[in-house]
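An overview of the molecular structure
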Amino acid sequence: MTRYAQIVGWGAHLPERVLTNKDLEEIVDTSDEWIVSRTGIRERRIVHSPKETTGSLATRAAAAALHRANVDANDVDLIICATSSPEHQFPATACLVQDALGARHAGAFDLSAACSGFVYGLTLANSMITTGAAETVLVIGSETLSRIVDWSDRNTCVLFGDGAGAVLVTASEEPGGILSSVLGSDGSGGDALSLPAGGSKLPTTVETVAARQHYVHMDGRAVFRFATRVMASATRSVVAKAGLTLDDIDLVIPHQANARIIESSVIHQLKIPPEKVFVNVDRYGNTSTASIPIALCEAIEMGRVRPNDNIVFVSFGAGLTWAAAALKWGAPVSATPHKWWQTAQRQGNYGAARAQSTVRRLIRNSPGIELPEIEIPEIRLADPLRNLRI
């Protein structure tokens with residue numbers, strides 16, 4: 001029996017703080033006109049509290065995707081978190097999300113492919129599901145790029161924003177879902193977009209900090225030339241691989257890095273009408289791995305995605321990397337109201353997950369004390385209307 005990988009849940013979370021181009025005029029030598037004319041960006045979201053992290057944003061987006069699909073965290077087999085700004089080198093941010101959700105049966109790992117990471121993760125989820133290695137996979141893109149950009153460099157600080165998006169992918173017998181994918185890399189261009197220090201080649205020293213090597217460095221012209229070429233070619237390749245033509249595509253959701261890149265590659269080179277291309281870079285800037293899932297959530301909310309639509313995700317990023325995926329949308333896009341007790345049950349399970357994590361930490365940090373593994377049972381609330389007598 002053929003297995004298909006279908007997106008059944010989606011969610012996004014964005015920080016409340018809005019940083020406009022006018023705000024940036026007070027920080028660096030720039031202007032709203034300069035930024036808009038070169039990037040199309042007018043504002044972006046920025047974390048403002050130490051409690052807002054790549055992991056916390058990812059957890060909220062993942063919880064929203066689970067809620068949309070009405071799937072319990074314990075039914076998730078794998079969590080893939082694509083990120084360019086992980087909370088730590090290790091543990092993986094995905095493991096922190098697993099703990100916060102209480103996904104007791106899920107494996108978890110981070111994926112590093114820069115802005116291409118979400119589509120890379122979606123491709124891995126498809127492979128895991130179609131081969132029978134997993135039934136349900138959470139794919140997350142989450143970033144707090146504001147913490148790794150140099151706020152004195154007007155060429156980079158104006159570009160990036162923070163946020164997270166997630167999709168829940170499950171096995172299905174219904175034809176459709178992820179139809180094809182294309183992945184690529186060219187390490188010879190690695191210097192064009194990098195965060196030089198903090199790894200094993202350039203460990204953190206007084207010198208690396210003074211040289212501002214722990215911030216994003218970018219050769220803007222080189223990245224622009226690469227992006228405009230590879231976004232078009234990757235789109236052509238993934239559409240052909242799916243057995244479709246460009247005319248068959250109902251919506252393209254490109255990586256939201258720069259409006260000029262999207263216009264040059266997807267609209268002008270491929271001759272895809274603007275109404276078939278989703279763009280929200282003007283409001284969020286470049287959120288790296290999170291840009292496509294955030295855009296997907298907005299496209300659904302705006303009625304731009306319908307059942308049986310042929311959709312293309314296409315991205316590029318540091319590495320240099322690129323990725324594209326073609327899919328036939330199969331999930332209903334109209335929200336199904338959940339009963340209040342289902343929401344309460346899910347929130348109760350998240351509370352139980354926090355308690356379980358605390359207990360395990362206490363056990364682990366108690367020297368000389370061997371305590372049995374404590375399993376806090378999953379909360380299952382019966383339908384309160386079931387026994388209601390009228």
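Read on for an overview of the structure. Because the structure is predicted, anything quoted here is derived from the model rather than measured. (Residues numbered from 1 in each chain as written. Predicted model: local features only at pLDDT ≥ 70, side-chain atom pairs only at ≥ 80, totals over all residues. Heavy atoms only, no water.)

**What to know about the pairing of strand β4 (residues 78-82)**
- Along β4, five of the five residues are buried, which leaves the element largely enclosed by surrounding structure.
- Taking every second residue as pointing to the same face, both faces of β4 are buried, with Leu78, Ile80 and Ala82 on one and Ile79 and Cys81 on the other.
- Where β4 and strand β5 (residues 107-111) come together, five bridges link them in parallel fashion. In the sheet register, Ile79 faces β5, and the bridge partner there is Ala108.
- In this fold, β4 hands off to helix α4 (residues 93-101), which returns the chain to β5; that crossover is right-handed.
- Two strands pair when backbone bridges link them, and β4 and strand β6 (residues 136-144) are joined in this way by five bridges, in the parallel orientation. Bridge pairing in β6 places Cys81 opposite Ile140. (Buried < 20%, exposed > 50% of the residue type's maximum accessible area, 1.4 Å probe, protein only. Helix = DSSP H or I, 4+ residues; strand = E, 2+ residues; numbered from the N terminus. Pairing = 2+ DSSP bridges. Right-handed = clockwise from strand over helix to strand, strands pointing away.)

**Considering empty space enclosed by the protein**
- Under the criterion given, the structure shown has two cavities of 30 Å³ or more.
- What lines the second largest cavity is Ala5, Gln6, Ile7, Gly177, Ile178, Leu327, Lys328, Trp329 and Gly330.
- Going through the elements one at a time, β1 (4-13), β8 (177-185) and β13 (321-328) are the ones with two or more residues in the lining of the second largest cavity.
- Broken down by element, the lining of the second largest cavity gets its largest block of residues, three residues, from β1.
- Among the residues making up the lining of the second largest cavity, the classes are represented as five nonpolar, three polar and one charged. (1 Å grid on protein atoms, 1.4 Å probe; cavity = no way out; pocket = protein on both sides within 12 Å on 5 of 7 lines; lining within 4 Å. Points joined across faces, edges and corners; volume = space filled by probe spheres on them. Nonpolar A, V, L, I, M, F, W, Y, C, P; charged D, E, K, R; others polar.)

**Focus: helix α3 (residues 54-69)**
- Between its terminal C-alpha atoms α3 stretches 23 Å, which fits the 22 Å expected from 16 residues at 1.5 Å a residue.
- Along α3, the positions that sit buried rather than exposed are Thr54, Gly55, Leu57, Ala58, Thr59, Ala61, Ala62, Ala63, Ala65, Leu66 and Arg68. (Expected span 1.5 Å × (residues − 1).)

**A few points about the packing of helix α8 (residues 220-241) against helix α9 (residues 259-269)**
- Packing of α8 against α9 leaves a shortest axis separation of 9 Å and a crossing angle of 35 degrees. For the pair α8 and α9, the sense of crossing is right-handed. Between α8, through Phe224, Ala227, Thr228, Arg229, Met231, Ala232 and Arg236, and α9, the contact on the second element is made entirely by Arg260, Ile261, Ser264, Ser265 and Gln269. (Axes fitted to C-alpha atoms, helices over the stretch in contact; angles between N-to-C directions. Left-handed = near helix turned anticlockwise from the far one by under 90°. Contact = heavy atoms within 4.5 Å.)

**Some words on the nonpolar core**
- The biggest cluster of nonpolar side chains holds 47 residues, and the ones touching the most others in it are Val158, Val238, Val252, Val312, Val314 and Phe316.
- Mapped by element, the contributors of at least two residues to this core are α2 (32-39), α8, α9, β12 (310-317) and β13.
- At nine residues, α8 tops the list of elements feeding residues into this core.
- With residues near it in sequence (within four places) discarded, Val312 still touches Thr235, Val238, Val239, Ile249, Leu251, Val252, Ile253, Ala325 and Ala326.
- Within the second largest apolar cluster, 37 residues are counted, among which are Trp10, Ile80, Val167 and Ile253. (Core = buried A, V, L, I, M, F, W, Y, C linked by side-chain atoms within 4.5 Å.)

**Description of the layout of surface pockets**
- There is about 940 Å³ of room inside the largest pocket.
- In terms of lining residues, the largest pocket is bounded by 31 residues, among which Ser84, Pro86, Ser112, Ile148 and Leu195 are the most central.
- Among the elements of the structure, β5 and β9 (193-194) are those that each provide at least two residues to the lining of the largest pocket.
- Class assignment for the residues of the lining of the largest pocket results in 14 nonpolar, 14 polar and three charged.

**Side note on the pattern of salt bridges**
- Under the criterion given, the structure shown has five salt bridges.
- Glu135 is paired through a salt bridge with Arg3; the nearest N and O atoms lie 3.0 Å apart. Note that Glu135 is positioned in the loop between α5 (117-130) and β6 and Arg3 in the segment before β1, a separation of 132 residues in sequence.
- Classification of Arg3 as partly exposed rests on a relative accessible area of 26%.
- For Arg283, the salt bridge is made with Glu298, and the minimal N-O distance between the two is 2.7 Å. With Arg283 in helix α10 (residues 281-284) and Glu298 in helix α11 (residues 291-301), this pair connects stretches of sequence that are 15 residues apart.
- Accessibility expressed as a relative area gives 28% for Arg283, which makes it partly exposed.
- The exposure class of Glu298 is buried, given its relative accessible area of 12%. (Salt bridge = Lys/Arg side-chain N within 4 Å of Asp/Glu carboxyl O.)

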